[in-house]
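# Reading the structure
Below, each chain spelled out in residue letters.
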Amino acid sequence: MTALWPGSWPGTRLDDPDAAERPARGTERPAPDTPTGRPTQPADRPGSPSYDDLLADAVAASDAPDVVFALSRHGRRTLRTGGTAPAPPLPREDLRYEIGSATKTFTGLLLAGLIHAGELTGGEPATALLDRGRPAGANPVTLAHLITHTSGLPALPAGFFLRGLPAWHTNPYARFPADRVVDAFLRHRPRRRPGTRWRYSNYGVAVLGHALAAATGTPWEDLLTERVLRPLGLTGTTPHPHAPGHDAPGHGKDGVAPVPAFEAGGFQAAGAVRATPHDLLAFLEAHLDPAAAPPALAPALRAVRVPVLRRGLTHRHVHTVAWFRHPTDGGPMYFHSGATLGQQAFLGFRPGTGTALAAVCTRRFRAHDPFLATAYALLAEERPGPPGADGTGRAGTGQP
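Notes on the structure in this doc start here. As the structure is a computational prediction, the values presented were derived from the model and not from experiment.

If you tally the helices and strands in the protein chain, you get twelve helices and 14 strands. Buried residues in the protein chain amount to 54% of all 400 residues. A separation of at least 24 residues holds for 70% of the contacts in the protein chain among residues at least 6 apart in sequence. Summing over all exposed atoms, the protein chain offers an accessible surface of approximately 17,000 Å²; the carbon and sulfur share of this is 53%.

In structure tokens form, the structure reads like this:
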């Protein structure tokens, strides 16, 4: 693993401001295990399918009870819904969907906003915030380590499997509340020095949420609402289940068996968010054009596009504080997927083509599931923009 621009994150300007928009050296191809989808077909080629047709095909290919694919291209939205289940009373595009680990993109933006507001630096030891007066030690786990999955923490805390086993097929996370997450972290003894190894960890981002709450004296869900959801006008986004009929119901791998609404327990910052497709698209559109976002969030929206580390063979995997980043011929593609026991989600955007995609479905992930591969391939489609477009959705204005 290689950290990019040591000391420059968080908060300081890169020496090369365009570096965030260029493919990293050695990353000209997606990773071998990345779904690449069907060959691309430019929109101006005779017989090329429209985005509406492509979205309809994606909905059908996803093979789930409820499916929504919502795409924004230079500010113009196209949305298609469908599924194998009868249409619900409320239109599918108006329901809230569980986005699982894609919640981390909201938490990453929240942290970036607190840093750019001068309230945090990202270098604070999480232990010192969660247990005031306790020495942080020589190599503490910092907030930056937690959001970048370099803390050395495992995917889940010690004791999680045993405690969650009675509800393993319904809601295991609900059986591990906030106090247990924090206590497990304070007892944990890392085997490796933080910052030396990348390991994806729901546990780490959950701890981050509690550390942010301790640092600000505000619960994570209130922070998220005040600093991210309300400024962006995301009224259809929440970290809690709502009344039946407003939240999309999840289903098991067979696409038939109902699954209870997901309860995140002490893992809210890692996976609690549920949102309407329209809200998810608005969230992504703000990343495409930070200049048009509320001024208080614009610096954070720019910051979460900046790569902070590379890992893997030839360092082909590039990460920001909130997103996975892959190169394409049309510039970098940012994305994050998520899943709960009964739903899946994919969020992604490409500044170079002015494209954003939010896709959700209500079927638990299964072997060879087509949903994520279909969404990834759709976002990776190479299509020229309208004449004069520069990738921001506005003609001739330059990068935001």
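Next comes the rest of the account.
Residues that lie three or four places apart on an α-helix share one face, since the helix turns once every 3.6 residues. An ideal rise of 1.5 Å per residue puts 16 Å on twelve residues; helix α1 (residues 51–62) measures up with 16 Å between its terminal C-alpha atoms. Regarding α1, the residues found buried are Tyr51, Leu54, Leu55, Ala58, Val59 and Ser62. Around the axis of α1, the buried residues are gathered within 140 degrees of arc, so they sit on the same side. If you follow the buried residues of α1, they end up packed against β2 (67–73), β3 (76–82), β14 (355–361) and α12 (370–379). Backbone geometry just downstream of α1 places Asp63 in the positive-phi region, at approximately 50 degrees.

Attention shifts here to the nonpolar core. Nonpolar side chains tend to gather and get buried jointly when the protein is soluble and globular. By size, the foremost hydrophobic cluster in this structure holds 79 residues, and its most contacted members are Phe106, Leu143, Phe185, Leu212, Val228, Phe283 and Trp323. In this structure Trp323 touches Thr105, Phe283, Leu284, His287, Val304, Val318, Tyr334, Phe335, His336, Leu347 and Phe349, once residues within four positions along its chain are discounted.

So, about the pairing of strand β12 (residues 333–339). Buried residues dominate β12, accounting for five of its seven residues. Pairing between strand β11 (residues 324–326) and β12: three bridges, direction antiparallel. Considered in β12, the bridge of Arg325 is made with Tyr334. Here β11 folds back onto β12 in antiparallel fashion, the turn holding six residues, of which Gly331 has a positive phi close to 105 degrees. Pairing of β12 with strand β13 (residues 344–350), which is carried by six bridges, proceeds in the antiparallel orientation. Along β13, the bridge assignment pairs Ser337 with Phe346.

Our focus in this paragraph is the pattern of salt bridges. Counted under the stated rule, the structure contains nine salt bridges. With a closest N to O distance of 2.8 Å, Arg187 and Asp183 form a salt bridge. One end of the pair is Arg187 and the other is Asp183, both in helix α6 (residues 178–187) and four residues apart, which spans about a single turn. Accessibility expressed as a relative area gives 37% for Asp183, which makes it partly exposed.

Turning to the environment of Thr148, a few remarks are in order. Its location among the elements puts Thr148 in the loop between α4 (143–147) and α5 (160–164). For Thr148, a relative accessible area of 9% corresponds to the buried category. Along the sequence, Thr148 and Gly108 sit 40 residues apart, while their C-alpha atoms lie 8.9 Å from each other. When near neighbours in sequence (up to four residues on either side) are disregarded, Thr148 contacts Trp198, Val308, Leu309 and Val321. A distance of 2.9 Å separates the side chain of Thr148 from the side chain of Thr150, its partner in a polar contact.

Our focus in this paragraph is the environment of Leu309. Mapping Leu309 onto the fold places it in strand β9 (residues 309–311). What makes Leu309 buried here is its relative accessible area of 4%. For the pair Leu309 and Thr150, spaced 159 residues apart in sequence, the C-alpha to C-alpha distance is 9.8 Å.

Direction vectors running N to C along α6 and helix α7 (residues 202–216) enclose 105 degrees, while the axes themselves pass 10 Å from each other. One element, α6, and the other, α7, form an angle in the roughly perpendicular class. Contact with α6, carried on its side by Ala178, Val181, Val182, Ala184 and Phe185, involves Tyr203, Ala206, Val207 and His210 of α7 and no other residues of that element. Tallied by class, residues from the contact of α6 with α7 come to eight nonpolar, one polar and no charged.

This structure, assessed with the given rule, holds 17 aromatic pairs. Between Phe160 and Trp168, the ring centres sit 6.1 Å apart and the planes meet at 65 degrees, which makes this aromatic pair edge-to-face. Measuring from ring centre to ring centre gives 5.7 Å for Tyr173 and Phe262, while their planes differ by 70 degrees; the resulting arrangement is edge-to-face. On the criterion of sequence distance, the pair formed by Tyr173 in the loop between α5 and α6 and Phe262 in the loop between β7 (258–259) and α9 (268–271) is long-range, its members being 89 residues apart. Of the aromatic side chains, those joined through ring pairs into one cluster are Phe160, Phe161, Trp168, Tyr173, Phe176, Phe262 and Phe267. Over the face of the ring belonging to Trp198 we find Arg311, whose NZ or CZ atom lies 3.6 Å from the ring centre.

Attention now goes to the packing of helix α2 (residues 103–116) against helix α8 (residues 220–232). Orientation of α2 relative to α8, taken along the N-to-C sense of each, is 75 degrees, at an axis distance of 10 Å. As judged from the angle between their axes, α2 and α8 are roughly perpendicular. Residues Thr103, Phe106, Thr107, Leu109, Leu110 and Leu114 of α2 touch α8, and the partners they reach there are Trp220, Leu223, Leu224, Arg227, Val228 and Leu229. Grouping the constituent residues of the contact of α2 with α8 by class yields nine nonpolar, two polar and one charged.

In this structure, His74 is a non-glycine residue whose phi angle is positive, near 55 degrees. Of the residues examined, His74 reaches a relative accessible area of 16% and is grouped as buried. Not every positive phi belongs to a glycine, and His368 is a case in point at roughly 60 degrees. Within the secondary structure, His368 sits in the loop between β14 and α12.

The rules behind these values
- Throughout, residues of each chain are indexed from 1 in the direction in which the sequence is written.
- Owing to the predicted nature of the model, reporting of local features is limited to residues with pLDDT of at least 70; listing and counting of side-chain atom pairs is limited to 80 or more, with chain, interface and lining totals taken over all residues.
- Hydrogen atoms and water are omitted, and side-chain values are computed over all heavy atoms in the structure.
- Only DSSP runs of H or I reaching four residues or more are called helices, and only runs of E reaching two or more are called strands; each is numbered from the N terminus.
- Between buried and exposed lies partly exposed: a residue is buried under 20% and exposed over 50% of the maximum accessible area for its type, with that area taken using a 1.4 Å probe on protein chains only.
- When checking whether two residues touch, look at their non-hydrogen atoms; a contact exists if any pair is within 4.5 Å.
- Surface accessibility follows the Shrake-Rupley procedure with a 1.4 Å probe radius. Residue values consider only the protein chains on display as shielding.
- For a helix, the expected span equals 1.5 Å multiplied by the residue count minus one.
- The directions considered for the arc are those from the helix axis to the C-beta atoms.
- Only buried Ala, Val, Leu, Ile, Met, Phe, Trp, Tyr and Cys residues count toward a nonpolar core, and they belong to the same one when joined by side-chain atoms within 4.5 Å.
- A pair of strands is treated as paired once DSSP finds two or more bridges between them.
- A carboxyl oxygen of Asp or Glu within 4 Å of a side-chain nitrogen of Lys or Arg is what we treat as a salt bridge.
- Any pair of nitrogen or oxygen atoms within 3.5 Å is treated as a polar contact; in protein, a donor-acceptor pairing is required on top of that, and neighbouring residues in sequence qualify only through side-chain atoms on both sides.
- Convention adopted: a line fitted to C-alpha atoms gives each axis, helices being fitted over their contacting stretch, and angles between N-to-C directions are expressed from 0 to 180 degrees.
- Note on angle classes: values under 35 degrees are labelled roughly parallel, values over 145 roughly antiparallel, values of 65 to 115 roughly perpendicular, and the remainder oblique.
- Nonpolar residues are Ala, Val, Leu, Ile, Met, Phe, Trp, Tyr, Cys and Pro. Charged residues are Asp, Glu, Lys and Arg, and all others, Gly as well, are polar.
- Only Phe, Tyr and Trp rings take part, Trp by its six-membered ring, and two of them pair if their centres are within 6.5 Å. Stacked means planes under 30 degrees apart, edge-to-face means over 60, and tilted covers everything else.
- Two conditions define a charge sitting above a ring: the NZ of Lys or the CZ of Arg must be within 6 Å of the ring centre, and it must be within 35 degrees of the ring normal.

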